[in-house]
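# Close look at the chain arrangement
So the chains spell out like this:
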Amino acid sequence: MKTARTAETKGTAETAGDRPKDEIYYTQIVVITAMIVFATGFLAAARILVPVAGTAAWISALIGGVIGLGIVVLAGYLAARFPDHSLVRMAERIFGAPLGKLIGLTFAAYCTVVLGLGSRESVLAIWIAFLQTTPPIIISGVFYALIIYAAYLGIEAIARVSLIFFTLVVISLLVLTALAVPVVVPGRLLPVVGNGLRPLIHGGFLAASYAGESVVVLAFIRHLKDKRSASRAMATGVAAGMVVMATATGFGVMMLGVRGISRVTFPVLETARMVGFGQFLERAEILFLALWFSAALLKLAAVFYASITSVADVLGLRDYRPLIIPYALLGTALSLIPKTVLETFDYLSMFVKYSVWYAIALPVVLLVGAVVRGSRRGGENVRGKDAR
Amino acid sequence: MSVARMRVKTKPGAARAGRRWGRTVAMLVCLLAAASVTGCRDAREIESVGFVLGLGVDETADGRIEVWAQVALPSAKPAEGEKQESWTVRSVGDTVWDAVRQLNGRSTKVLFRAHVRALVFGERFARGGVARALDALARDREFRYKSWVFVTSDPVGDVLGAQTEQSSSAALFLDDVMRNTARSLTAPRSRFLDLLTSIEQPGDQPLLARVRLVESEDGGGQPEGGARMAEAGGGRGAEGKQEVGPKELRIEGSAALCGDKMVGWLDAEETAMALMVCNRLAAYSLVMPMPGDEAGTMGFEMIRSHADTLFPKGVHTGDAAGQVMDVVIRITGTVDIREVLSSEQLMSMRSIERLEANISQHLEARVKRLVEAAQNRLGCDIMGIGECVRRKVPARVWEDDVAPTWHEQFGAILIVPDVHFEVGKRGMTMQSPRPVD
């Protein structure tokens with residue numbers, strides 16, 4: 001009772017790290033969600049999905065998208081129930097402060113792992129393919145310097161820049177797809193069901209872990225101007241992100257074959273290395289990677305922002321900014337834990353295998369809790385309100 | 001009172017100055033950090049980079065690996081006729097990578113392999129297995145998967161050292177031919193990527209373009225070729241003798257590989273048929289006797305063809321895999337008449353039908369010859385029949401039951417070609433111009 005009262009007295013205005021002036025629009029949530037889903041994962045998703053689902057890996061990505069849609073619909077319901085709350089505040093409102101903070105900590109930990117693995121993957125893609133003699137810590141440092149700046153400016157700035165870069169990234173992917181058409185062999189996608197129905201579904205759940213990363217948006221969905229469209233915006237973002245993922249996987253299989261794609265380090269990068277236009281647009285992969293790097297950067301900035309605002313909420317801080325530098329140092333350190341490429345992909349496989357269950361459980365637990373306890377927007381208790 | 005007022009005025013000013021300093025320091029730190037990541041610290045000037053255009057790999061008689069690199073030598077003035085435009089260097093090592101790293105030691109420039117246009121394997125190396133070169137090249141972040149791959153029975157050094165008047169180096173010549181004359185080429189457009197993907201598929205074995213040195217037909221087309229070849233190849237000819245006289249490069253026919261090992265050559269006609277069966281033949285021209293007029297001839301150009309691999313009795317796998325299956329290769333297409341040297345001018349429907357039947361029979365006989373070569377002489381599936389089976393059966397069945405024994409099964413399959421071609425355009429004239437008798 002006391003716990004519930006404590007939570008109620010804090011209310012929405014005291015949400016830690018809250019920047020009331022920050023406003024995000026429908027399209028920006030779509031874009032941020034899509035970027036969170038595909039921006040780092042699509043570099044190597046094919047080499048995780050293809051060994052499981054074979055030639056049907058692209059269908060697995062679509063199945064993962066469908067599972068992801070289920071997750072964001074639940075998350076959308078949750079956001080609609082608590083339109084002015086961050087995820088930690090929602091959890092506190094539903095389960096009380098101690099348990100709510102614990103859930104908030106697990107969410108912050110989830111975001112931190114996404115951040116660490118995502119940044120490591122992006123740094124590796126640049127380090128292995130382009131800047132071999134540059135120490136990875138420098139690349140990682142540059143990454144985090146930009147992320148710090150983005151986090152300092154707030155989610156509105158990240159959302160606005162994402163809108164600009166998303167357009168460029170989509171154009172780059174369309175160009176890449178068009179240029180790849182002459183070198184692909186569509187027959188390599190056969191047999192349609194690949195290794196069979198069970199592996200296909202298994203692959204779908206692996207792919208769903210990428211779609212499930214969209215729960216990160218719950219940390220800042222309260223900034224959405226039109227609160228009613230949260231569910232639709234997130235669902236559209238997941239659909240767009242997973243279509244990109246499925247296309248990248250499908251083209252990878254058509255170009256390199258099942259065995260080839262399991263062998264290469266970054267299948268999408270190999271696709272970019274293969275394409276060209278005549279003899280005057282060659283070695284253009286750096287252009288693609290520069291754009292993808294920007295997308296990855298914005299994704300990681302959004303995830304970083306979600307992490308620090310959640311931690312600030314858990315700690316009851318009024319402003320998240322004092323956490324930026326320490327958290328960036330933590331992120332840089334985490335991204336350097338996997339010493340080798342093999343180790344990175346091992347961690348990644350582990351994450352992909354299990355994180356989907358967290359992404360499903362989080363909105364389900366909160367929503368069920370909210371329904372059972374009758375919690376609703378603004379901290380009002382539905383049952384109490386009805387009783388009054 | 002006045003001191004207190006001064007303090008009140010000074011504090012915000014000091015804070016502003018502090019912030020300004022802070023920003024300046026932050027900016028300087030960012031600039032310094034940016035300088036460290038641009039690569040300027042150990043930048044390479046373009047003059048110190050050796051752009052490798054062609055790579056050659058062969059095996060010596062004692063089993064060591066020879067590697068050649070053809071490096072572009074760009075000059076400031078385009079009209080410097082006397083200056084060599086490319087330089088070919090050779091090294092020997094225990095493995096491909098060992099030989100490549102020794103190449104680096106022999107060059108004054110940093111060898112940069114991102115512009116390799118042609119990769120030429122010697123026959124001895126190809127017969128021993130090209131996988132020995134694939135690993136080192138596939139790992140190389142500079143090497144491109146779109147480089148053309150060739151096999152030659154001539155000394156690799158001589159092939160790379162051959163000079164043509166059309167291009168500044170042999171590698172560029174090979175690249176130009178593969179890019180620009182695809183429709184008239186009777187060789188597969190084999191890229192490194194195709195080689196990588198097909199050696200792993202027993203049902204879709206690689207065909208690599210063959211490049212040869214042939215006597216120049218015009219006699220004086222390449223005056224410097226012999227001397228340059230001798231320099232590049234260490235003065236060795238096909239039998240270790242000094243080659244004299246102009247020679248030119250010709251891309252024709254192909255080398256058939258079983259897995260990564262070369263098992264034999266296909267001539268131009270067999271290669272064209274193999275490409276037609278795999279739906280990779282862009283165009284093909286042929287000359288044949290005129291039906292009903294043995295003295296006359298006709299020239300055709302195949303402008304379209306499509307092959308379907310059919311399994312009339314279904315695809316048997318598992319226990320029935322030993323029984324294999326019957327395969328019908330149905331090929332349909334269109335030919336355009338390009339030349340008629342005969343009194344028969346094909347002005348009736350019946351003569352056209354007879355011509356179409358004749359062309360179909362002609363091509364069917366050649367496909368049969370290819371099937372015989374693939375099943376008996378080479379013993380590997382260069383026609384992609386296994387790939388068609390792979391697409392029809394579950395992936396696990398293919399991987400576990402069929403693929404491991406596909407080479408043996410392929411030899412026992414009954415393959416029946418069924419070719420139907422029709423005559424399309426006859427050109428801008430209906431009949432041959434001829435003088436009045």
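Residues numbered from 1 in each chain as written. Chains lettered and ligands numbered in written order. Predicted model: local features only at pLDDT ≥ 70, side-chain atom pairs only at ≥ 80, totals over all residues.

### As for the overall build of chain B
- In terms of regular secondary structure, chain B is built from 13 helices and 13 strands.
- The buried share among the 437 residues of chain B stands at 38%.
- Long-range contacts, defined as pairs at least 24 residues apart, comprise 74% of the intrachain contacts of chain B with a sequence gap of at least 6. (Helix = DSSP H or I, 4+ residues; strand = E, 2+ residues; numbered from the N terminus. Buried ≥ 20, exposed ≤ 12 C-beta atoms within 10 Å, placed from the backbone. Contact = placed C-beta atoms within 7 Å.)

### Focus on the domain arrangement of chain B
Residue and element names in this part refer to chain B.
- Segmenting chain B into domains produces domain 1 (43-266) and domain 2 (278-432).
- Between domain 1 and domain 2, the contact holds 15 residues from the first and 19 residues from the second.
- The set of elements that each furnish at least two residues to the side of domain 1 that touches domain 2 consists of strand S8 (247-258) and strand S9 (261-266).
- With 3 residues, the single largest contributor to the side of domain 1 that touches domain 2 is S9.
- By residue class, the composition of the side of domain 1 that touches domain 2 is 8 nonpolar, 5 polar and 2 charged. (Domains from an automatic or database assignment. Nonpolar A, V, L, I, M, F, W, Y, C, P; charged D, E, K, R; others polar.)

### Concerning the interface of chain A and chain B
- Contacts between the two partners involve 23 residues from chain A, matched on the other side by 17 residues from chain B.
- Counting only elements with at least two residues in the side of chain A that touches chain B, the list comes to helix H6 (97-129), helix H7 (136-153), helix H10 (230-263) and helix H11 (267-274) of chain A.
- The element that contributes the greatest number of residues to the side of chain A that touches chain B is H10(A), accounting for 4 residues.
- Considered class by class, the residues forming the side of chain A that touches chain B number 8 nonpolar, 11 polar and 4 charged.

### What about the nonpolar core?
- One finds Leu49(A), Met245(A), Ala301(A) and Leu174(B) to be the most contacted residues of the largest nonpolar core, which totals 244 residues.
- When residues of this core are sorted by domain, at least three fall in each of domain 1 (43-266) and domain 2 (278-432) of chain B.
- Each residue touching Met245(A), except ones within four places of it in the same chain, is listed here: Phe38(A), Gly41(A), Phe42(A), Ala45(A), Ala61(A), Ala207(A) and Tyr210(A). (Core = buried A, V, L, I, M, F, W, Y, C linked by C-beta atoms within 7 Å.)

### Structural notes on the pairing of S8(B)
Residue and element names in this part refer to chain B.
- Counting buried positions along S8 gives 9 out of 12 residues, so the element sits mostly inside the fold.
- Judged from the 8 bridges that link them, strand S7 (residues 207-215) and S8 form a sheet pairing that is antiparallel. Its bridge partner being in S8, Glu 215 is matched across the sheet by Lys 247.
- Two elements, S8 and S9, share 5 bridges in a ladder whose sense is antiparallel. Following the sheet pairing, Ala 256 is matched in S9 by Gly 264.
- Linking S8 to S9, which pair antiparallel, is a turn of 2 residues; within it Gly 259 sits at a positive phi near 70°. (Pairing = 2+ DSSP bridges.)

### Some words on helix H14 (residues 341-373) of chain A
Residues and elements named next belong to chain A.
- Between its first and last C-alpha atoms H14 spans 46 Å; for 33 residues at 1.5 Å apiece the expected length is 48 Å, and the two agree.
- Tyr 354 marks the point of greatest bend in H14, at about 35°.
- Buried within H14 we find Thr 344, Leu 348, Phe 351, Val 352, Ser 355, Val 356, Ala 359, Ile 360, Leu 362, Pro 363, Leu 366 and Ala 370.
- Phi for Gly 374, located one or two positions after H14, is positive at around 70°. (Expected span 1.5 Å × (residues − 1). Bend = angle between axes of the 7 residues up to and from the residue.)

### A few points about the sheet that holds strand S10 (residues 284-290) of chain B
Residue and element names in this part refer to chain B.
- Strand order in the open sheet formed by 4 strands is S10-S11-S12-S13, and the pairing between neighbours is mixed. The outermost strands of the open sheet, each flanked by one partner alone, are S10 and strand S13 (414-423). Taken over all neighbouring pairs, the strand axes of this sheet differ in orientation by 35° on average, direction set aside.
- Direction of pairing for strand S11 (residues 293-310) relative to strand S12 (residues 326-341): antiparallel, over a ladder of 13 bridges. What sits directly across from Phe 300, in S12, is Ile 337.
- Lying over the sheet, helix H9 (residues 268-277) contacts S10, S11 and S12, oriented at roughly 35° with respect to S11. (Axes fitted to C-alpha atoms, helices over the stretch in contact; angles between N-to-C directions.)

### Quick notes on unusual backbone geometry
- The residue after Leu190(A), namely Pro191(A), is reached through a cis peptide bond having omega 0°.
- Among the secondary structure elements, Pro191(A) is positioned in the loop between helix H8 (155-180) and helix H9 (197-212).
- Positioned with a positive phi, Asn279(B) is a non-glycine residue whose angle comes to about 60°.
- Inspection of the secondary structure assignment puts Asn279(B) in the loop between H9 and S10.
- Of the residues examined, Asn279(B) has 14 C-beta atoms within 10 Å and is grouped as partly exposed.

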